[in-house]
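# Architecture and fold: a report
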Amino acid sequence: MTYITPMFSRRTVGRLLGAAFTSCRCFHTELVGQESSALPIVHHSSYACELPANHRFPMAKFPRLLHFLIKDQVITEKQVWVPEIASEALLSCVHTEEYLNNLMNGTINEREQRRTGFPWSEGIVTRCRYETGGTVLAAEVALQRGLACSTAGGTHHAFPSYGSGFCLLNDLAVAAKYLMGISSPKRKVLIVDLDVHQGDGTAFIFKEEPCVFTFSVHCGKNFPLRKQQSDLDISVDDGLEDKEYLSTVEAHLPWLLETFGPDLVLYDAGVDPHWEDELGRLRLTDQGLYQRDLYVMKTVVSRGVPVAAVIGGGYSRDIDKLALRHSILHRAATQVWREGGM
């Protein structure tokens, strides 16, 4: 198996390319922990913030996910990479100045807040900025090490000038734009979006960008009502089960890797296709999600292409059960890492 060889110290990731930056100059990241040769896991305590009581979004899943990964000895604390907050300059690679000003200053009106699903607060803005920083860091580390996972990310409903569907900032788009902007020629990025909902914001952002290919497998009758045009959309019916779902992914991913030839894959591994998900409508099992994640990451890294994976959507009032479901991604990634000798 081919993989990316580290080219410089992990403590300087994101800084050594400073002279070559063509955009998003303010962003850098730093490892705040011990060295490890194991699978890199990106996490920040600010991935979670306070929400009103009984809010629909399962915010507590982020710290619980890390808790279970360590408790179950899937990872150790030495594997955890800590991102810095995404600067406004970095975010402006994707989002408009007016939207960022309103978001940072709390001048988002009530209608816009309803569209996002979140009441505005400094805390929600901070968490989304750290989450975006985490996805960028995971992508940077993946380019060095071959594979990296965040414990958040996948906010694919955010558009340049507004948020939507629990997404205020589009972390996948920011990561792709940033990494294209610091390479010459531009890196080619394949976004594999297997969240149950179409990545409409991401599709819109890159509709005229030939260096980014957006691939979405989603439930056609689910949110968003108005779909955007990805480079490849696979709309599946309600009730789809493990075997048929995996066959759908297998029918397209190898061909995309061969024909598009990406330099990096951003993988949105939403667990909302699960049969118990409150917003899902599909019928995947835990084993089905594991086989999906294992297949995607094995298929990509075996071709020498680095993968940065984020957790995407997942909705349940049972936070521990949901956090364990999200940990399927990191368990599968650990298997890929070990089997590949990475």
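None of the values given here were measured: they were computed from a predicted structure. (Residues numbered from 1 in each chain as written. Predicted model: local features only at pLDDT ≥ 70, side-chain atom pairs only at ≥ 80, totals over all residues. Heavy atoms only, no water.)

### Brief notes about the confidence of the model for the chain
Close reading of the predicted structure is inappropriate where its pLDDT is low. Mean pLDDT over the chain: 90, with 90% of residues reaching 70 or higher. Counting contacts from residues 1-34, a segment whose pLDDT is below 50, to residues more than four positions away or on other chains yields 81 contacts. (pLDDT = per-residue confidence, 0-100. Contact = heavy atoms within 4.5 Å.)

### Looking at the packing of aromatic side chains
What the rule picks out here adds up to nine aromatic pairs. Taken together, a centroid distance of 5.4 Å and an interplanar angle of 45 degrees make the contact between Phe 118 and Phe 166 tilted. Of this pair, Phe 118 sits in the loop between α4 (110-116) and α5 (122-145) while Phe 166 is found in the loop between β3 (147-150) and α6 (171-181), placing the two residues 48 residues apart along the sequence. Taken as a pair, Phe 118 and Phe 166 share a single burial class, namely buried. Consider the rings of Phe 213 and Phe 260, whose centres lie 5.6 Å apart with planes at 50 degrees: the pair is tilted. Residue Phe 213 is located in strand β5 (residues 212-219), and its partner Phe 260 is located in helix α9 (residues 253-260); the two are separated by 47 residues in the primary sequence. Positioned over the ring face of Tyr 162 is Arg 115, at 3.9 Å from the centre of the ring. Directly above the aromatic system of Phe 260 lies the positively charged group of Lys 188, at a separation of 4.6 Å from the ring centroid. (Phe/Tyr/Trp six-rings, centres within 6.5 Å; stacked < 30°, edge-to-face > 60°. Helix = DSSP H or I, 4+ residues; strand = E, 2+ residues; numbered from the N terminus. Buried < 20%, exposed > 50% of the residue type's maximum accessible area, 1.4 Å probe, protein only. Lys NZ or Arg CZ within 6 Å of the ring centre and 35° of its normal.)

### Structural notes on the pairing of strand β6 (residues 232-236)
Residues Leu 232, Ile 234 and Val 236 line the buried face of β6, whereas the alternating positions Asp 233 and Ser 235 sit on a face that is not buried. In the sheet, β5 pairs with β6 via five bridges, with the strands oriented parallel. Along β6, the bridge assignment pairs Phe 215 with Leu 232. (Pairing = 2+ DSSP bridges.)

### A word on the side chain of Gln 113
Note on placement: Gln 113 falls in helix α4. Beyond its immediate stretch of four places on either side in the chain, Gln 113 contacts Ile 108, Phe 118, Pro 119 and Trp 120.

### Topic: helix α1 (residues 61-71)
Taken together, the buried positions of α1 are occupied by Lys 61, Phe 62, Leu 65, Leu 66, Phe 68 and Leu 69. With its buried residues spanning 165 degrees around the axis, α1 presents them on a single face. The inward-facing, buried residues of α1 contact β2 (80-81), α5 and α11 (319-339). Gln 73 lies just past α1 and shows a positive phi near 60 degrees. (Arc of directions from axis to C-beta.)

### Re the state of the cysteines
Per the stated rule, a full pass over the model turns up zero disulfides. As a non-bridged cysteine, Cys 128 has Cys 49 as the owner of its nearest cysteine sulfur, 7.2 Å distant. (Disulfide = S-S within 2.5 Å.)

### Describing the pattern of salt bridges
Two side chains that carry opposite charge are able to pair once their charged atoms sit near each other. As enumerated under the stated definition, the model contains 12 salt bridges in all. Residues Asp 320 and Arg 64 are paired through a salt bridge, measuring 2.9 Å at the closest nitrogen-oxygen approach. Here Asp 320 is found in helix α11, whereas its partner Arg 64 is found in helix α1, with 256 residues between them in sequence. Exposure remark for Asp 320: the relative accessible area of 32% places this residue in the partly exposed category. Where Arg 325 meets Glu 276, a salt bridge forms, and the shortest distance between an N and an O atom there is 3.0 Å. Of this pair, Arg 325 sits in helix α11 while Glu 276 sits in the loop between β7 (264-268) and α10 (286-301), and the two are 49 residues apart along the sequence. Its relative accessible area of 3% is what places Arg 325 among the buried residues. (Salt bridge = Lys/Arg side-chain N within 4 Å of Asp/Glu carboxyl O.)

### Comments concerning the sheet that holds β5
With respect to topology, eight strands assemble into an open sheet ordered β2-β1-β3-β8-β7-β4-β5-β6, the strand pairing being parallel. In the strand order of this sheet, the two ends are held by β2 and β6, each with one partner. Its contacts with the sheet put α10 on β3, β7 and β8 (307-310), and the angle it makes with β7 is roughly 175 degrees. (Axes fitted to C-alpha atoms, helices over the stretch in contact; angles between N-to-C directions.)

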